[in-house]
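Read off the chains here:
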Amino acid sequence: MLHDAIIVGGSFAGLSAAIQLARARRRILLVDSGQPRNRFARSSHGFFGQDGESPAAILAHARKQLLAYPTVQFVDGLASHARKVDRAFEITLATGENHKASRLILATGVVDELADLPGLRERWGTTVLHCHYCHGYEVASRRLGLLATSERSLQAALLLPDWSDDVILFTNGVLTPTDDQLAALRARGVRVEPAAVEALLGPSPAITGVKLRDGRSVPLDALFTGSRTRMASPLAEQLGCAFDDGPTGPYIRTDASKQTTVPGVYAAGDAARANHNASWASADGVTAGISAHQSLVLPQPACGG
Ligand SMILES: Cc1cc2nc3c(=O)[nH]c(=O)nc-3n(C[C@H](O)[C@H](O)[C@H](O)COP(=O)(O)OP(=O)(O)OC[C@H]3O[C@@H](n4cnc5c(N)ncnc54)[C@H](O)[C@@H]3O)c2cc1C
């Protein structure tokens with residue numbers, strides 16, 4: 001059977017793309033391996049109408065609504081290969097099963113690579129937090145640390161005092177602020193600690209502080225830090241899609257309609273944008289879904305409602 005579209009990735013971006021095609025009564029196949037990026041967090045914040053819900057509950061609800069459409073097929077599994085075959089696209093699942101479609105939407109997300117620091121990984125999403133917009137409110141007015149991972153951490157350090165007046169930036173050998181930057185941090189009330197961080201303290205997933213390499217420890221209630229990101233799936237590379245460099249890692253290049261550099265292949269969500277959150281992923285999924293649908297009908301899709 002030739003599907004109208006296969007969507008790989010069934011989280012914020014993939015489900016948002018899929019429902020547009022389902023509502024256009026197109027035959028679609030959604031493949032998902034069940035590893036959304038925010039699965040480590042107990043609750044998701046800032047997503048319209050779902051603030052504070054668990055990521056699993058949001059996705060389960062959206063998937064249930066999608067599967068009510070009769071033209072939707074869902075496969076719980078991993079797509080391991082994708083290729084262009086004549087005028088269609090074929091994906092191969094880890095089980096060896098093949099599926100074909102006229103359009104392909106990649107909504108496969110990214111994987112976070114964290115600093116190699118004892119105690120960091122097991123607290124990721126609970127007391128080690130990646131984003132003040134997503135999780136800052138819940139730790140407001142507490143003792144907050146920021147572990148620098150790149151020049152970008154400076155910007156985060158300047159913003160964090162909006163959530164607490166007790167903020168300490170651990171430069172950790174990654175950042176050497178200039179005198180002007182130090183003055184800006186001081187003006188925002190941010191303390192700067194140059195000694196390297198050796199480990200996180202406290203009964204995980206709680207955090208009570210960090211231990212510095214010089215033997216001192218600093219008490220904390222939460223630690224913010226960034227990650228490097230990499231593609232969660234090799235499918236875009238297998239298809240020959242071009243990539244751009246983002247501040248945290250590479251992402252799939254798309255045009256305004258979310259079509260990649262390979263005609264007929266669309267990409268949405270964290271895998272196809274520089275900055276990440278669930279709302280942006282979902283919005284891009286809507287664009288990809290509508291664009292893919294219009295491309296099945298119109299010679300020059302306009303992507304609009
Ligand atoms: C700890 C943490 C907490 C966060 N909290 C928030 C928050 O509170 N609010 C917010 O707005 N954002 C938050 N984010 C960001 C948010 O998680 C992402 O922006 C969002 O999940 C991106 O959605 P996506 O659909 O692009 O990718 P993902 O949600 O990562 O989903 C990708 C899906 O594709 C599947 N997949 C990948 N490869 C394949 C394959 N080859 N075959 C089949 N399936 C595949 C995966 O299993 C996964 O289900 C958080 C991120 C982290 C790390």
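Refer to the structure presented above.
Just so we're clear, the structure is a prediction, and the values are computed from it rather than from any experiment. (Residues numbered from 1 in each chain as written. Predicted model: local features only at pLDDT ≥ 70, side-chain atom pairs only at ≥ 80, totals over all residues. Heavy atoms only, no water.)

Asks: Whenever I open this one, the site of the ligand confuses me. Can you help?
Replies: For the ligand, the set of nearby residues contains 35 residues, the closest of which are Ser11, Asp32, Ser33, Gln35 and His45. A distance of 2.9 Å is found between an oxygen atom of the ligand and a backbone nitrogen or oxygen belonging to alanine 13. At 2.9 Å from an oxygen atom of the ligand is found a main-chain nitrogen or oxygen belonging to alanine 278. Taking 1000 Å² as the accessible area of the ligand by itself, protein coverage stands at 98%. (Near = heavy atom within 4 Å. Polar contact = N/O pair within 3.5 Å; in protein donor to acceptor, adjacent residues only side chain to side chain. Areas by Shrake-Rupley, 256 points an atom, 1.4 Å probe, with all protein chains shown as cover.)

Asks: Is there a simple way to think about the sheet that holds strand 14 (residues 217–219) in this case?
Replies: In a beta sheet, neighbouring strands are held together by backbone hydrogen bonds and run either parallel or antiparallel to one another. On the basis of which strands lie adjacent, the open sheet formed by three strands has the order 12-13-14 and antiparallel pairing. In this open sheet, the two edge strands, each paired with only one partner strand, are strand 12 (197–201) and strand 14. With strand direction ignored, the average angle separating the axes of adjacent strands in the sheet is 20°. In terms of strand pairing, strand 12 meets strand 13 (residues 209–212) through four bridges, oriented antiparallel. Paired with leucine 200 across the bridge in strand 13 is valine 210. (Pairing = 2+ DSSP bridges. Helix = DSSP H or I, 4+ residues; strand = E, 2+ residues; numbered from the N terminus. Axes fitted to C-alpha atoms, helices over the stretch in contact; angles between N-to-C directions.)

Asks: Is there a simple way to explain helix 7 (residues 278–295) in this structure?
Replies: Residues separated by three or four positions in an α-helix point in the same direction, a consequence of the helix having 3.6 residues per turn. With 18 residues, helix 7 should reach 26 Å at 1.5 Å per residue; the first-to-last C-alpha distance of 25 Å fits that figure. Among the 18 residues in helix 7, 13 count as buried, and that is most of the element. (Expected span 1.5 Å × (residues − 1). Buried < 20%, exposed > 50% of the residue type's maximum accessible area, 1.4 Å probe, protein only.)

Asks: Explanation requested: the pattern of salt bridges in the structure shown.
Replies: Between side chains of opposite charge, a pair can form when the charged atoms approach closely. For the structure on display, the rule yields 17 salt bridges. Residue arginine 191 is joined to aspartate 166 by a salt bridge in which the shortest nitrogen-to-oxygen separation is 2.6 Å. Here arginine 191 is found in strand 11 (residues 190–193), whereas its partner aspartate 166 is found in the loop between helix 4 (152–159) and strand 10 (167–170), with 25 residues between them in sequence. Since its relative accessible area comes to 25%, aspartate 166 is described here as partly exposed. Taken together, the salt bridges that share partners define one network made up of Asp4, Arg26 and Arg27. (Salt bridge = Lys/Arg side-chain N within 4 Å of Asp/Glu carboxyl O.)

Any link to function would need more than the numbers given here.
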